[in-house]
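# Examining the three-dimensional arrangement
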Amino acid sequence: LLDMILLQAEVMELRANPDCPANGIVMDSQIEQGRGPTASVIIERGTLKKGDALLCGESYCRVKSLLDENGQILKSAAPGTPVKVVGWSSVPSAGDRFTSEKNEKSAKRAAEEVAYQRKREANARNEEEEKAKGGPTVDDLFAAIESKQKKCLRVIVKSDVNGSAEALANALSEIDSDKVDLDIINVGVGNITKNDVTMASAGGCCIVGFNVKLDNGVQSIAKHHDVRIIQHEIIYELLDKVEEEMAELLDPELLEKKLGVAEVRQVFPTGKGRYVAGCMVTEGTVNRSKIARLVRGGAVLHESTIDTLKRFKDDVKEVRAGYECGINVEGFNDYQEGDHIECFAVEEIRPSLR
């Protein structure tokens, strides 16, 4: 591919001017330990040297060092050269273009103007959207009610490089669920810091980290503030973990599992106005301390736990079908022959997102 590109450039007589101020495009960016914000760029025109001042959106730079793909220090970089630039004020966005400035002071001033202008444009867009919406409609009311009913997982995304952070944010936003929303509060580059934990705690978020580490002391602070940190070096595994975290927000579904049925054959007094049902287990197993439902003529009269379960005079934990037993259901005393006592357990099932 590279040979074909070089051949086409030669045939089309494409030439770049190496003697003008350098400009080009940011391919990726990251925060490196000991170097701070860095950006991998490709120079399209001009020659980039150490000490040059650069402007890239809201980020500016006085070039401290130039590194090639092998990590070797370069004195200068000509057009068409991929190079890592060290010395940025903040992490520039992948895909943004950079230009040369007279000096670092002018680059800083230009970056501040860009940031101010972008903020004004964002505020203007928000105002226009609010005006276009007008007053609230019936659809807006129903949408607001539905949004309150739905659960929402709020996340802060951290990644090793800018390109991965953007890809991860896009992948997270594409998780489709009718039951739980996912709200990305912030996207950043670099290790997970104490400031990230503080922000997550204030916003009720969890932190999603791709191919990043924790700064010293972050784990203990996250535990203190009850902030969940989800990390992985494989993006698909990380997305699965986020989906699991979203599912954890849903209330579990309760599934009733029938264990056994006992038929009341005789009622025995036990003194002090209390009675015990003499039963024959006709189906499954009746277990002590499980939930029981007393049914008479198809109607449920009482539901509680089995307080007493006896075989002859001995307390037992369970009685199987075909055996007789004595049963007392907590909070009930009005047994009649022909009643049925249904024993069941309630299981919690984690619902799916879809």
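Residues numbered from 1 in each chain as written. Predicted model: local features only at pLDDT ≥ 70, side-chain atom pairs only at ≥ 80, totals over all residues. Heavy atoms only, no water.

Inspection of every chain in the model, using the stated rule, returns 1 aromatic pair. Taking the centre distance of 5.2 Å and the plane angle of 70° together, the rings of Phe332 and Tyr335 count as edge-to-face. By relative accessible area, which is 6% here, Tyr335 ends up buried. (Phe/Tyr/Trp six-rings, centres within 6.5 Å; stacked < 30°, edge-to-face > 60°. Buried < 20%, exposed > 50% of the residue type's maximum accessible area, 1.4 Å probe, protein only.)

Okay, the sheet that holds strand β12 (residues 206–210) next. Pairing in this open sheet of 4 strands is parallel, and the strands run β11-β10-β12-β13 from one edge to the other. Each end of this open sheet is capped by a strand with a single partner; those strands are β11 (180–189) and β13 (229–232). On average, each strand axis in the sheet is inclined to that of its neighbour by 25°, with strand direction left out of account. Relative to β13, β12 is paired through 4 bridges, and the arrangement is parallel. Paired with Gly209 across the bridge in β13 is Gln231. Relative to β11, helix α4 (residues 162–173) is tilted by about 175°, and along the sheet it contacts β10 (151–159), β11 and β12. (Pairing = 2+ DSSP bridges. Helix = DSSP H or I, 4+ residues; strand = E, 2+ residues; numbered from the N terminus. Axes fitted to C-alpha atoms, helices over the stretch in contact; angles between N-to-C directions. Contact = heavy atoms within 4.5 Å.)

The next subject is the pairing of strand β1 (residues 23–32). Within a regular strand, side chains alternate between the sheet's two faces. Judged from the 3 bridges that link them, β1 and strand β9 (residues 97–101) form a sheet pairing that is antiparallel. Paired with Gly24 across the bridge in β9 is Phe98. Both β1 and strand β2 (residues 36–45) contribute to a ladder of 9 bridges, which runs antiparallel. For Ile31, the partnering residue across the bridge sits in β2 and is Pro37.

This next bit is on the side chain of Asp339. Looking at the element boundaries, Asp339 is found in the loop between β20 (324–329) and β21 (340–349). Judged by relative accessible area, Asp339 falls into the buried class, the value being 1%. Aside from chain neighbours lying at most four places away, what touches Asp339 is Ala262, Glu263, Val264, Leu294, Val295, Arg296 and Asp334.

Here the focus is the nonpolar core. If you look at the biggest cluster of nonpolar residues, it comprises 20 residues, and the most contacted ones within it are Leu153, Val155, Leu168, Leu172, Leu182, Val242 and Met246. Every element with two or more residues in this core is listed here: β10, α4, β11, β12 and α7 (235–248). In terms of residue count, α7 provides more of this core than any other element does, 5 residues in total. Residues within four places of Val155 in sequence aside, it is in contact with Leu182, Asp183, Ile184, Ile185, Asn186, Cys205, Cys206 and Val208. Ranked by size, the runner-up nonpolar core spans 18 residues in total, among them Val286, Ile327, Tyr335 and Ile341. (Core = buried A, V, L, I, M, F, W, Y, C linked by side-chain atoms within 4.5 Å.)

Summarising the model, the protein chain shows a mean pLDDT of 89, and 95% of its residues fall at 70 or more. Across the protein chain, the element-wise mean pLDDT spans from 54 in helix α3 (residues 138–149) up to 96 in strand β4 (residues 53–56). (pLDDT = per-residue confidence, 0-100.)

Look at α4: 17 Å from first C-alpha to last across 12 residues, which is about the 16 Å you get at 1.5 Å a residue. All of the buried residues in α4 are Asn162, Ala165, Leu168, Ala169, Ala171 and Leu172. Of the surrounding elements, those touching the buried residues of α4 are β1, β10, β11, β12 and α7. (Expected span 1.5 Å × (residues − 1).)

Further remarks concern unusual backbone geometry. Phi is positive for Asn211, which is not a glycine, with a value near 60°. Locating Asn211 in the fold gives a position in the loop between β12 and α6 (218–224). The exposure class assigned to Asn211 is partly exposed, which follows from its relative accessible area of 36%. A positive phi is found at Asp226, a non-glycine position, where the angle reads about 55°. When you line up the elements, Asp226 lands in the loop between α6 and β13.

On to a negative patch on the surface, then. A cluster of acidic residues, Glu127, Glu128, Glu129 and Glu130, forms a negative patch at the surface. In this structure, Glu130 sits in helix α2 (residues 104–133). Note on Glu130: relative accessible area 53%, which makes it exposed. (Patch = residues over 30% accessible without salt bridge, like charges linked within 9 Å, V, L, I, M, F, W, Y side chains within 5 Å. Areas by Shrake-Rupley, 256 points an atom, 1.4 Å probe, with all protein chains shown as cover. Salt bridge = Lys/Arg side-chain N within 4 Å of Asp/Glu carboxyl O. Lys, Arg positive; Asp, Glu negative; His and termini not counted. Charge placed at Lys NZ, Arg CZ, Asp CG, Glu CD.)

What follows is about the side chain of His302. Mapped onto the elements, His302 comes out in strand β17 (residues 299–311). Within polar-contact distance, the side chain of His302 engages the backbone oxygen of Glu330 at 2.9 Å. (Polar contact = N/O pair within 3.5 Å; in protein donor to acceptor, adjacent residues only side chain to side chain.)

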